[in-house]
Amino acid sequence: MTLPDRWEMVVGLEVHTELKTTTKMFCGCANEFGAEPNTNICPVCLGLPGSLPVLNVRAVDLAMAIGFALHSTIASSTFHRKNYFYPDMPKDFQISQYDLPINSGGYLDLPDGSRVTVERAHLEEDTGKSTHLGGSGRIHGAERSLVDYNRSGVPLVEIVSGPDIRSSAQARAYASELRGILIATGASDGRMEEGSMRIDANVSVRRPGDPLGTRCEIKNLNSLRSLHRAIDYEALRQIELIDAGGTVRQETRHWDESLGATSTMRTKEEAEDYRYFREPDLVDLVPDPAWQERVRAGLGAMPAQRRATLRARLSDATSSQLDALEVVVDLGFDDLVLAAIDAGIDPTLAMARAANELASGIDHVGNLTTEAFTTTLAMEQSGELSATQAKTVLLELLEHGGDPRKIAKDKGFEQLSSGSLGATVEALIKQHPEEWTRFAEGDEKLAQFFIGQVMKSTKGQANGKAVIAELQSRR
Amino acid sequence: MQIASDVRSGATTAEAEMASSLEAIRARNDELNVFLFVDEGGAINAARRVDERVARGENAGQLAGVPIALKDNLCQVGVPTTAGSRILEGWLPPYNATVIERVLAAGAVPMGKVNMDEFAMGSSTESSAYGPTRNPLDPSRVPGGSSGGSASAVAADMTPMSLGSDTGGSIRQPAAFCGLVGVKPTYGLVSRYGLIAFASSLDQIGPFAKNATDAALLLEVIAGHDPMDSTSLPEPAPSLVSHVNDGVAGQRIGVVRELYEGADDEVVAEVERAAAALRDAGATIVEISVPEFRLGLSAYYLIAPAEASSNLARYDGVRYGLRVDAEDVAAMNEATRTAGFGAEVKRRIMLGTYALSAGYYDAYYGQALKVRTQMIDAFRRAYQEADLLLGATAPSVAFTLGAKSSDPLAMYLSDVFTIPTNLAGDAALSVPFGTGDTGLPVGVQLVGPGRSEAQLFAAARVLELADGRS
Amino acid sequence: MAPLRREDVAKVAKLARLKLSEAELDQFTEQLGQVLEHANDIAALNLEGVVATAHPFGLINVVREDELRPSLSRDAVLAMAPDAEDGRFGVPRIMGEAP
Ligand SMILES: [Mg+2]
Ligand SMILES: [Zn+2]
């Protein structure tokens, strides 16, 4: 979307990411999405009288890993209490970092070459979750709500960007690149649909060169699509308001995905007085150089570098390959693809299988070894397996693991590899003499016709390249 | 502790000791309102477990069969725990405070929960939602507070020892009013896990007993690192009982003007007499002035309420305790808190909320934290002149019920001598020394740097002997 | 600092989710005013450059390993709740979203 002439938007994002720890931030309850309500709770994360928090070292490690990936300065930090009443917050305060966050400063370079600065990335705890009963199931109009505290106390890192973003597309690219980094560091699984990454956007508009306009904060954007739409909507709303002679009021706004619109949630005057003060139940966090180095040394390559590494192996990358590259790196299949290429697999084939079949079975990728992946692709490349068969073998490997040769054999995939394909082609030539004549006279398009016929009669078990070879030998 | 060694040797049984404790509780609890809940069933079970350990020839623990009273802000599984507040009436904690785990492991027999000022906010036990506790030595008077129930239980011979908590003097002042030894340990020496928080950076759990030796024993049992409390000191419990008879020879003891000035004459006279007794036992007495101590009260009455305003936010009617229904959740929170908290708690919540709020933080809370730094520096300088400090515990002996309950500031002033130690995190105790004009006990306060408990007990023991106590 | 006003107390009571009657408002304004007046001895000090102490001792880096510990039983926890339904804590309607 483009804004009306002589307007630009100024956007900063606050991204909350849940950290992929085994336990919660301040207690030993499981940090687990989707558990039965109120089964992962204890005196600490339920804020029972007398309970005290003790910081999870893994949450600190992951926060520092994020800091390193974002080129932040990692420093001594403290915890504060942010005080406000809300039923999903058991202590009626949130433990967060305030004036001394663990990570300050930094930046994120986007694939288009632009750079977005990062102001801070600090640790804090998540709240519980409410379900609204009655009305439309949404908070407004509900008669009552039910609260589940399983998520209460799950560790979060809040990453605050500078107001450097100038378009919804750039905002989306930033969120997407950040998501890739969070996954690469092992800090997060990046699953926005499960709420493990949530975004608030600060949006203002101005004429380029003017000072910053009044901003509105849009809360809880839970998909890249919402982010994109909400920012565009909000920027246009502000421009129309100003063009009509109005002024933008500083406020917090809610994005309604179904209406495609933002609406006022809270004005600046209604803003809470959070009464931040030092959390007296926690001590200072002072990661010494050895601790920092241990975390830094454990970090793998970030997505930008991994994309570059893989890109270098795709000698003449097509645009579909470049799209696949995004997916492959995003999902962390680049090591598999590189190993396959090293073993002599055609990069195009390796990329396609990773970006499609592996991506579709992402939850089971742990069952697939590098060796099994490479072997399957080698069988496909040599014509031992058709494309369809290779895909079937890959899906089977994802589901249950195992040896691709054995799977192919068990499924009877090897029978077409030799003489029987020739016989099938022979028979089809006899059935379709007109088509064969045209092919024999040089109409290459007819090759696809014969491949289709062979696939039909072999229920997809033939290899397209092998069929062409059989046809050519009879031309 | 005689009871413990008699239980271990078989001269008596834990069950018999428990029964006589129960009898003593029944004899005076209606009159004094000490126990809010007598845990008869739990006490019998605990006593029998101790007796079984003895019968099996196992070590039954340092506190084998010793009945103990627990302040009602210590969470105990399945035992009503209210912190003296209506808002927690009927609440049964699903977990034990670390100190309770430790006294149980040492063979003690918890007899139940004793009264306190609501959320430990008070100096007389009159702010309890369950009515005031009376001083066993003179029932027309208060036992002090906020651990008034813990002090009264021991003073009325209901239990030989008890646990209380001290945020600004809440163990030492009632110990003084009831003629007991009461200890505010070094911040972090005793785990706060399971102590219902008043002011987290000041709260410490500590013992009450009739003498220094028993208090040292109970502190040894409950002290030492706890991984459940981030502010817990890293080392194991210090050895204390073995140092009780170390004496004070060669020690420099500083009599601090700001720790007795303004107290009643009968109190000042005992402080002077205590200094003389310590000098007679070989200590060097030095006169010290620490003007910063005068700022302690103001700093305390900003810091403690600020932390409390946040610690007490959780009592919102959602998860446990009282709920007063209303049509939306914010109104329900408000109705619940309005009905569930008493006036003193409301005052402090509002004071703390104000001190932290936008526009006032720097002038009040922020400034108080800086005064706290100065207080710590002042103590450090004082400890260059003296190993331990001596003063009064409270400005007066036990006052009569109702004397100060309508004047919050007057009540706050009764903590003036005890507060500086909490701000600094240092160790202090109150030991009975002499009686005033009315025959009521006077407490003198001994203060030392962090981890100086052993020296404090040794000095307390010197005073006990000088005062003709066994 | 300026003396505490009645409206300050009303505002603070609202923040703290406490409801005060008119009489209580008067009484608390007077009582809290006295305490704050006493606190003016420190509010008036020049403590420029003095570091704030939030904590008596300087412990640092107190952390725990990322290891599971048993959670409480849901039945035990919901037994404490004033209102529970369907494994969750029940509350009356929530009027606004979290800030
Ligand atoms: Mg935040
Ligand atoms: Zn938990």
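Fair warning: this is a prediction, and the values are worked out from it, not measured in the lab. Sequence positions are assigned chain by chain, starting from 1 and proceeding in written order. Chain letters and ligand numbers both follow the written order, the letters beginning at A and the numbers at 1. pLDDT decides what is reported in this predicted model: residues at 70 or higher carry local features, side-chain atom pairs at 80 or more are listed and counted, and totals for whole chains, interfaces and linings draw on all residues regardless. Excluded from the side-chain calculation are hydrogens and water; included are all heavy atoms of the structure.

### Let's talk about the overall build of chain B
For step 1, the next point in the chain: A tally of helices and strands in chain B yields 15 helices and 11 strands.
For step 2, the next point in the chain: We compute the radius of gyration over the C-alpha atoms and compare it with the globule rule, which gives 2.2 Å times the number of residues raised to the power 0.38. Taking 470 residues into account, the globule formula puts the C-alpha radius of gyration at 23 Å, and chain B, at 21 Å, falls close to it.
For step 3, the next point in the chain: Each principal axis of the C-alpha distribution contributes one length, and for chain B these read about 70 × 60 × 45 Å.
For step 4, the next point in the chain: Counting over 470 residues, chain B shows a buried share of 68%.
For step 5, the next point in the chain: Two residues form a contact once any of their heavy atoms are found within 4.5 Å. Of the contacts made within chain B by residues no fewer than 6 positions apart, 75% connect residues no fewer than 24 positions apart. Counting from the N terminus, the helices are the DSSP runs of H or I reaching at least four residues and the strands are the DSSP runs of E reaching at least two. The cut-offs for exposure are 20% and 50% of the maximum accessible area for each residue type, with area from a 1.4 Å probe on protein chains only; residues under the lower value are buried, those over the upper are exposed, and the others partly exposed.

### Considering the coordination of the magnesium ion (ligand 1)
Residue and element names in this part refer to chain A.
For step 1, the next point in the chain: Donor atoms: N, O and S within 2.8 Å of the metal, or within 3.2 Å for Na, K and Ca. Because water is excluded, sites can look incomplete. The protein atoms that coordinate the magnesium ion (ligand 1) are Glu-124 (OE), Glu-124 (OE) and Glu-158 (OE), at distances spanning 2.0 to 2.6 Å. Here Glu-158 lies in strand S11 (residues 155-161) and Glu-124 lies in strand S8 (residues 115-125), a separation of 34 residues in the sequence.
For step 2, the next point in the chain: Among the residues examined, Glu-158 registers a relative accessible area of 10% and is labelled buried.

### Focus: the nonpolar core
For step 1, the next point in the chain: By nonpolar core is meant a set of buried Ala, Val, Leu, Ile, Met, Phe, Trp, Tyr and Cys residues that side-chain atoms within 4.5 Å join together. One finds Leu-13, Ile-159 and Tyr-174 of chain A together with Phe-119 and Leu-278 of chain B to be the most contacted residues of the largest nonpolar core, which totals 264 residues.
For step 2, the next point in the chain: A total of 12 residues in this core trace back to one element, the largest contributor, which is helix H12 (residues 362-385) of chain B.
For step 3, the next point in the chain: If you look at the next biggest cluster of nonpolar residues, it comprises 35 residues, including Leu-314, Leu-349, Met-351 and Leu-368 of chain A.

### Digging into the sheet that holds strand S3 (residues 109-114) of chain B
All names here are of chain B.
For step 1, the next point in the chain: On the basis of which strands lie adjacent, the open sheet formed by 11 strands has the order S1-S3-S2-S4-S6-S5-S10-S11-S9-S7-S8 and mixed pairing. The open sheet terminates on both sides in strands that have one partner only, identified here as strand S1 (35-38) and strand S8 (284-288). In this sheet, adjacent strand axes meet at a mean angle of 30° when their direction is disregarded.
For step 2, the next point in the chain: Pairing analysis gives three bridges linking strand S7 (residues 252-256) to strand S9 (residues 388-392), with the strands arranged parallel. Looking across to S9, one finds that Val-255 is bridged to Leu-390.
For step 3, the next point in the chain: Strand contacts of helix H2 (residues 14-32): S1, strand S2 (67-71) and S3, with the helix running at about 20° to S3, the strand carrying the most contacts. If DSSP finds at least two bridges between two strands, the strands pair. Axis definition: a line fitted to C-alpha atoms, limited for helices to the stretch in contact. Angles are taken between N-to-C directions and run from 0 to 180 degrees.

### Considering the sheet that holds strand S10 (residues 144-148) of chain A
For step 1, the next point in the chain: What the four strands build is an open sheet, ordered S9(A)-S10(A)-S3(C)-S2(C); its pairing is antiparallel. Edge positions in the open sheet fall to strand S9 (129-133) of chain A together with strand S2 (84-85) of chain C, since each of these has one partner strand only.
For step 2, the next point in the chain: Sheet analysis places S2 of chain C next to strand S3 (residues 88-92) of chain C, joined by two bridges and oriented antiparallel. Bridge pairing in S3 of chain C links Ala-84 of chain C to Phe-89 of chain C.

### With respect to empty space enclosed by the protein
For step 1, the next point in the chain: As defined here, a cavity is a set of points on a 1 Å grid over the protein atoms alone where a 1.4 Å probe fits but cannot get out. A pocket is an open set with protein on both sides within 12 Å along at least five of seven lines, and residues line them when an atom is within 4 Å of a point. Grid points are joined across faces, edges and corners, and a volume is the space filled by probe spheres set on the points. Enumeration according to the criterion identifies nine cavities of 30 Å³ or more in this entry.
For step 2, the next point in the chain: Computed from the structure, the largest cavity encloses a volume of approximately 120 Å³.
For step 3, the next point in the chain: Taken together, 18 residues make up the lining of the largest cavity; nearest its centre are Val-44, Leu-52, Pro-53, Lys-91 and Ile-95 of chain A.
For step 4, the next point in the chain: Amino acids outside the nonpolar list (Ala, Val, Leu, Ile, Met, Phe, Trp, Tyr, Cys, Pro) and the charged list (Asp, Glu, Lys, Arg) are all regarded as polar, and Gly is one of them. Tallied by class, the residues present in the lining of the largest cavity amount to nine nonpolar, two polar and seven charged.
For step 5, the next point in the chain: Roughly 80 Å³ of volume is contained in the second largest cavity.
For step 6, the next point in the chain: Around the second largest cavity, the lining is made up of 13 residues, and of these Gly-50 and Ser-51 of chain A together with Ala-197, Asn-311 and Arg-314 of chain B lie nearest the centre.

### Describing the interface of chain A and chain C
For step 1, the next point in the chain: With 60 residues of chain A at the interface, the matching set in chain C holds 37 residues.
For step 2, the next point in the chain: The term buried area means the drop in 1.4 Å probe accessible area that two parts suffer when joined, counted for both and summed. Both faces combined, the contact of chain A with chain C buries some 4200 Å², and carbon together with sulfur accounts for 58% of it.
For step 3, the next point in the chain: A per-residue breakdown of the area chain A buries against chain C is headed by Phe-85, Arg-144 and Val-283 of chain A, which together make up 13% of the total.
For step 4, the next point in the chain: Salt bridges are identified by distance alone: a Lys or Arg side-chain nitrogen within 4 Å of an Asp or Glu carboxyl oxygen. Counting across the chain A and chain C interface gives two salt bridges.
For step 5, the next point in the chain: Polar contact is the term for a pair of N or O atoms within 3.5 Å; when the atoms are in protein, one must be able to donate a hydrogen and the other to accept it, and sequence-neighboring residues count only if both atoms are side-chain atoms. At the boundary of chain A and chain C, one finds 26 residue pairs in polar contact (both at pLDDT 80 or more).

### Describing the domain arrangement of chain B
All names here are of chain B.
For step 1, the next point in the chain: Along its sequence, chain B is carved into domain 1 (1-293 + 374-470) and domain 2 (298-363).
For step 2, the next point in the chain: Note that domain bounds follow an automatic or database assignment of domains. Between the C-alpha centres of domain 1 and domain 2 there is a distance of 28 Å.
For step 3, the next point in the chain: Between domain 1 and domain 2, the residue contacts involve 24 residues of the former and 22 residues of the latter.
For step 4, the next point in the chain: Interface area, domain 1 with domain 2, both sides summed: about 2100 Å², of which 68% is carbon and sulfur.
For step 5, the next point in the chain: The largest share of the area that domain 1 buries against domain 2 comes from Ile-87, Met-121 and Tyr-412, three residues that together contribute 34% of it.
For step 6, the next point in the chain: The tally of links from domain 1 across to domain 2 stands at zero salt bridges.
For step 7, the next point in the chain: One can count 11 residue pairs in polar contact (both at pLDDT 80 or more) joining domain 1 with domain 2.
For step 8, the next point in the chain: Within the residue set of the side of domain 1 that touches domain 2, elements represented by two or more residues are helix H13 (408-413) and helix H14 (419-424).
For step 9, the next point in the chain: Taken together, the residues that form the side of domain 1 that touches domain 2 break down as 14 nonpolar, seven polar and three charged.

### Digging into the pattern of salt bridges
For step 1, the next point in the chain: With the rule as written, the count across this model stands at 68 salt bridges over all chains.
For step 2, the next point in the chain: In this structure, Arg-313 of chain A and Asp-342 of chain A form a salt bridge, with 2.8 Å as the shortest nitrogen-oxygen distance. Taken together, the residues Arg-313 of chain A in helix H5 (residues 303-313) and Asp-342 of chain A in helix H7 (residues 334-342) connect sequence positions 29 residues apart.
For step 3, the next point in the chain: A salt bridge links Asp-229 of chain B to Arg-192 of chain B, with the shortest nitrogen-to-oxygen separation between them at 3.8 Å. A residue pair is termed long-range when its members are at least 10 positions apart, and Asp-229 of chain B in the loop between helix H7 (212-222) and S7 and Arg-192 of chain B in the loop between strand S5 (181-184) and strand S6 (204-209) qualify at 37 residues.

### Side note on the packing of helix H14 (residues 446-457) of chain A against helix H15 (residues 464-474) of chain A
All names here are of chain A.
For step 1, the next point in the chain: For the pair H14 and H15, interaxial distance at closest approach is 10 Å and the crossing angle is 120°. Judged on the interaxial angle alone, H15 and H14 are oblique. For the pair H14 and H15, the sense of crossing is right-handed. Side by side, H14 and H15 meet where Ala-447, Phe-450, Ile-451, Val-454 and Met-455 of the first sit next to Gly-464, Val-467, Ile-468 and Leu-471 of the second. When an angle is under 35 degrees it counts as roughly parallel; over 145 it counts as roughly antiparallel; between 65 and 115 it counts as roughly perpendicular; any other value is oblique. Note on convention: near helix rotated counterclockwise from far helix by under a right angle means a left-handed crossing. Clockwise means right-handed.

### Some words on unusual backbone geometry
Residue and element names in this part refer to chain B.
For step 1, the next point in the chain: Cis geometry marks the peptide bond from Gly-145 to Ser-146, where omega comes out at 10°.
For step 2, the next point in the chain: Summarising the element assignment, Ser-146 is placed in the loop between S3 and helix H5 (148-155).
For step 3, the next point in the chain: The backbone of Asn-33 shows a phi angle near 55°, a positive value even though the residue is not glycine.
For step 4, the next point in the chain: Of note, Asp-157 is a non-glycine position whose phi angle comes to about 60°, a positive value.
For step 5, the next point in the chain: Mapped onto the fold, Asp-157 is located in the loop between H5 and strand S4 (161-166).

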